[in-house]
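Chain by chain, the residues:
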Amino acid sequence: MAVRRRCRKLFVIVCAISTFFFFLPPPEIENTPQSSEQTQNCNKLFDQIVAMKSLKSIHNFTKFFLEVKKIMSCPWTSNLTQQIIHKMDLHTECNASGTLFVTRENTHLGQTLTYEVQRKSTKVVDKMLYNMLPRAAPWGISRVLGRCAVVGNGGILKNSSCGEKINSADFVIRLNLPPMNYSSDVGVKSSLVTINPSQITQSFMGLCNARKPFVDKAAAHGNAYLAMAPFSYVVGTELSFRVFHTMKDMRPQQEVLYFHPDYLFRLARYWQKQGLTGLRLSSGFMLVSVALELCEKVDIYGFWPFPTDLIQKPVTHHYYDNVVAKQGVHAMPEEFLTLLHMHSQGVLQLHVGKCQ
């Protein structure tokens, strides 16, 4: 533990010096003038939220929503030290920069991959699979993603007018191949889009007779990378391979990437140690973790797991439909509280409600 603490301090010092020499922009602060009393009130709110360990005991969310509303009205200031600590911890424990995706750089022919969830199942990297793999991660091993926006699909995005802010990010991450016909609210820019294998069976007939509708939906995201997890559950492997071959045949300019099961396993274990005890992390929270390690600044949109907004007006589950996720798999309210903690600490910026 002592060695780890010394390494952390050394890492912070090195990163701070690097920041100075590479002339990164100063901490982002909202320009709205604020009195000393307002600053104290905001800091008190931030401390109260960080001290809140769980939402499980809350039955009436009226007070909690009011606190979130007040927090969203407080100027947000990035905290470089806290950001560096989170980057270091995630890099040390999970290493998205080296093992986020299965590549020829981190995987060799004949290697055996252990599934993320079904740990007794394995997959040998045969010649067919090896030929599907990119030589390396698209952005290499250095932190070059700049300012990132992770866009969830929550109904809170509807009528938010956040599209312009999302489009201004250097790298935009979207989840579960969402529709893109709400541009004023969700923007039009996509850099990386995840696809859940269950979507392939439920919406595209397993790609047996619905290849073109799938390709058309993927094409709505431009040339964004398509990311899948074929080695979490065995049932998702063949479906993910079909996506690869479909895109290679019909839209080769849009690359399909496979999440590395070891990375996802380590990430789940990391957040379990931090107190997130859901059966499985949501794909959104996984990608927020990736962004925290790889991006210079992280903005979060569309993460809102509640049936009403901040003024208790009903909102749909997604901005494009009201299909509720399967219960008992993800602990989304607890994930949201964790995001709110990091917002309050200046690690990432959470956007809830309308964008100015």
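Residues numbered from 1 in each chain as written. Predicted model: local features only at pLDDT ≥ 70, side-chain atom pairs only at ≥ 80, totals over all residues. Heavy atoms only, no water.

The name that an unreviewed UniProt entry assigns to the protein chain is ST8 alpha-N-acetyl-neuraminide alpha-2,8-sialyltransferase 6, with the source organism given as Anguilla anguilla. Taken from UniProt, the Subcellular location (unreviewed entry) comment for the protein chain reads in full: "Golgi apparatus membrane". Here is the UniProt Sequence similarities (unreviewed entry) comment for the protein chain, exactly as written: "Belongs to the glycosyltransferase 29 family." (UniProt positions renumbered as here; feature names shortened; annotations may be inferred.)

**Student:** What exactly am I supposed to notice about the sheet that holds strand β5 (residues 192-194) here?
**Tutor:** The strands making up a sheet associate through hydrogen bonds between their backbones, and the pairing can be parallel or antiparallel. Taken in spatial order, the 7 strands of this open sheet run β7-β6-β5-β4-β3-β8-β9, and their pairing is parallel. Each edge of the open sheet carries a strand with a single partner, namely β7 (256-258) and β9 (349-351). Adjacent strand axes in the sheet meet at a mean angle of 20°, parallel and antiparallel pairs treated alike. The pairing of strand β4 (residues 171-174) with β5 spans 2 bridges and is parallel. (Pairing = 2+ DSSP bridges. Helix = DSSP H or I, 4+ residues; strand = E, 2+ residues; numbered from the N terminus. Axes fitted to C-alpha atoms, helices over the stretch in contact; angles between N-to-C directions.)

**Student:** Just checking my understanding: could you explain the pattern of salt bridges for this structure?
**Tutor:** A pair can form between side chains of opposite charge whenever their charged atoms are brought close. As enumerated under the stated definition, the model contains 6 salt bridges in all. Its salt-bridge partner being Arg280, residue Glu116 comes within 2.4 Å of it at the nearest N-O pair. Within this pair, whereas Glu116 is found in the loop between β1 (112-114) and β2 (122-124), its partner Arg280 is found in the loop between α12 (261-273) and α13 (283-294), the two being separated by 164 residues in sequence. Exposure remark for Arg280: the relative accessible area of 19% places this residue in the buried category. Put simply, Asp249 and Arg211 hold a salt bridge, and the shortest N to O gap is 3.1 Å. Of this pair, Asp249 sits in helix α11 (residues 235-250) while Arg211 sits in helix α10 (residues 211-219); the two residues are 38 residues apart in sequence, bridging distant segments of the chain. Note on Arg211: relative accessible area 29%, which makes it partly exposed. Shared partners join several salt bridges into a network, and the residues in it are Arg147, Lys297 and Asp299. (Salt bridge = Lys/Arg side-chain N within 4 Å of Asp/Glu carboxyl O. Buried < 20%, exposed > 50% of the residue type's maximum accessible area, 1.4 Å probe, protein only.)

**Student:** How should I be thinking about the packing of aromatic side chains in this particular structure?
**Tutor:** Both the distance between ring centres and the angle between the ring planes are used here to describe each pair of aromatic rings. Applying the stated rule across the entire model yields 23 aromatic pairs. Considering the side-chain rings of Tyr115 and Phe231, the 5.9 Å spacing of their centres and the 85° angle between planes classify their relative orientation as edge-to-face. Of this pair, Tyr115 sits in the loop between β1 and β2 while Phe231 sits in the loop between β6 (225-228) and α11, and the two are 116 residues apart along the sequence. Residue Phe231 is classed as buried on the basis of its relative accessible area, which comes to 1%. Consider the rings of Trp139 and Phe171, whose centres lie 5.6 Å apart with planes at 85°: the pair is edge-to-face. In this pair, Trp139 sits in the loop between α6 (127-132) and β3 (147-151) while Phe171 sits in strand β4, placing the two residues 32 residues apart along the sequence. (Phe/Tyr/Trp six-rings, centres within 6.5 Å; stacked < 30°, edge-to-face > 60°.)

**Student:** I tried to follow the pairing of β3 on my own but got confused; where do I start?
**Tutor:** Successive residues of a regular strand alternate their side chains across the two faces of the sheet. In terms of burial, β3 is a largely internal element, 4 of the 5 residues being buried. The sheet contact formed by β3 and strand β8 (residues 297-301) spans 5 bridges and is parallel. Bridge pairing in β8 links Val150 to Ile300. By the bridge criterion, 4 bridges tie β3 to β4 in an arrangement that is parallel. Counted as the bridge partner of Ala149 is Val172 from β4.

**Student:** How do you make sense of the state of the cysteines when you look at a structure like this?
**Tutor:** By definition, a disulfide is the covalent link that joins the sulfur atoms of two cysteine residues. Across all of its chains, the model carries 3 disulfides by this definition. Note on cysteine connectivity: Cys148 is disulfide-linked to Cys295, with sulfurs 2.0 Å apart. Because the torsion about its S-S bond is -85°, the bridge between Cys148 and Cys295 counts as left-handed. Residue Cys148 is located in strand β3, and its partner Cys295 is located in the loop between α13 and β8; the two are separated by 147 residues in the primary sequence. Taken individually, Cys148 and Cys295 each receive the classification buried, so the pair is uniform in this respect. (Disulfide = S-S within 2.5 Å.)

**Student:** Got a minute to help me understand the nonpolar core in this structure?
**Tutor:** In a soluble, globular protein the nonpolar side chains are often hidden away together inside. Membership of the largest hydrophobic core comes to 63 residues, with the highest contact counts inside it found for Phe64 and Trp304. Looking at this core, the elements that each hand over two or more residues are α2 (36-51), α3 (62-73), β3, β4, α12, α13, β8 and α14 (332-344). Top contributing element to this core by residue count: α13, with 8 residues. If near-sequence neighbours (up to four positions away) are discounted, Trp304 is found in contact with Phe65, Val68, Ile156, Asp309, Leu310, Val315, Phe336 and Val352. Counting 28 residues, the second largest nonpolar core, distinct from the first, contains Ile200, Leu207, Ala224 and Met228. (Core = buried A, V, L, I, M, F, W, Y, C linked by side-chain atoms within 4.5 Å. Contact = heavy atoms within 4.5 Å.)

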